[in-house]
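Residue strings, one per chain:
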Amino acid sequence: MLDRTATKFSHVKPEDTQFVSGGLRDFFLYRDLGIAEATHGKVIAHLVKANMAPETGTGWHRHEADFQIVIMTKGWARFMYEDKETLVQAGDVVHQRPGIRHYLFDYSPDMEYLEIVSPADFKSIDVEPVCEVPAPTPWK
């Protein structure tokens, strides 16, 4: 049976936390949703939004994580998942299986997504390129 005392109740309103820099990528802003604290590091949930135009993207990498989903809430982003280009648009949900090699290389100025990952302190590991990556779309 699930031990309901191992985690805390959490209710974060938009005014409770701000989008800040200093996350995994300099060209994104991150808004903490309080889940890492509430779950004692078992899960992290944060909103991620575009902060600067895509120039080089994330580079090829994989995550050391047990679970990861991305829910696109605004705009769009283009990823390479292994050797397949994937357009993720507002309303789309992507489950990134553990260890999948990927590269986020393009996104709209209004891009925003919810990312949920377990564990909260997951690692991002650079990997050798899988294939060529298309150029990003310049912002106007």
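Residues numbered from 1 in each chain as written. Predicted model: local features only at pLDDT ≥ 70, side-chain atom pairs only at ≥ 80, totals over all residues. Heavy atoms only, no water.

Draft legend 1. A look at the pattern of salt bridges. Here the structure, examined in full by the defined rule, presents seven salt bridges. The salt bridge partner of Glu37 is Lys8, with a shortest N-O separation of 3.1 Å. Of this pair, Glu37 sits in helix H1 (residues 35-38) while Lys8 is found in the segment before strand S1 (28-32), placing the two residues 29 residues apart along the sequence. Judged by its relative accessible area of 57%, Glu37 falls in the exposed class. A salt bridge links Arg78 to Asp106; its shortest N-O distance comes to 2.9 Å. Of the two residues, Arg78 sits in strand S5 (residues 76-81) while Asp106 sits in strand S8 (residues 102-107), which places them 28 residues apart along the sequence. A single burial state applies to Arg78 and to Asp106, both of which are buried. Salt bridges sharing common partners tie together Arg78, Glu85 and Asp106. (Salt bridge = Lys/Arg side-chain N within 4 Å of Asp/Glu carboxyl O. Helix = DSSP H or I, 4+ residues; strand = E, 2+ residues; numbered from the N terminus. Buried < 20%, exposed > 50% of the residue type's maximum accessible area, 1.4 Å probe, protein only.)

Draft legend 2. Looking closely at the side chain of Glu82. Secondary-structure assignment places Glu82 in the loop between S5 and strand S6 (84-89). Reaching out from Glu82, the side chain makes a polar contact with the side chain of Arg97 at a distance of 3.5 Å. For Glu82, the side chain forms a polar contact with the side chain of Arg101, separated by 2.5 Å. The contacts of Glu82, once residues within four sequence positions are left out, are Trp60, Arg97, Ile100, Arg101, Val130 and Cys131. (Polar contact = N/O pair within 3.5 Å; in protein donor to acceptor, adjacent residues only side chain to side chain. Contact = heavy atoms within 4.5 Å.)

Draft legend 3. Focus on the UniProt feature "domain: Cupin type-2" (unreviewed entry) in the protein chain. Feature annotation in UniProt assigns "domain: Cupin type-2" (unreviewed entry) to the following positions: residues 51-104. Secondary structure within residues 51-104 divides into 0% helix and 56% strand; the distance between the first and last C-alpha atoms comes to 14 Å. (UniProt positions renumbered as here; feature names shortened; annotations may be inferred.)

Draft legend 4. Local environment of the environment of Thr86. With respect to the element layout, Thr86 can be found in strand S6. Exposure remark for Thr86: the relative accessible area of 21% places this residue in the partly exposed category. Along the chain, Thr86 and Phe27 lie 59 residues apart, while their C-alpha atoms are 20 Å from each other. In contact with Thr86, other than residues within four places in its own chain, are Ala77, Arg78, Phe79 and Tyr81.

Draft legend 5. Seen up close, unusual backbone geometry. Cis rather than trans, the peptide bond between Ser118 and Pro119 has omega equal to 0°. Examined against the element boundaries, Pro119 turns out to sit in the loop between strand S9 (112-118) and strand S10 (123-126). One non-glycine residue with positive phi stands out, namely His40, at about 55°. Counting through the fold element by element, His40 comes out in the loop between H1 and strand S2 (44-50). Residue His40 is classed as exposed on the basis of its relative accessible area, which comes to 54%. Even without glycine at this site, Glu82 takes up a positive phi of about 55°. Relative accessible area serves as the criterion here: at 17%, Glu82 is assigned to the buried category.

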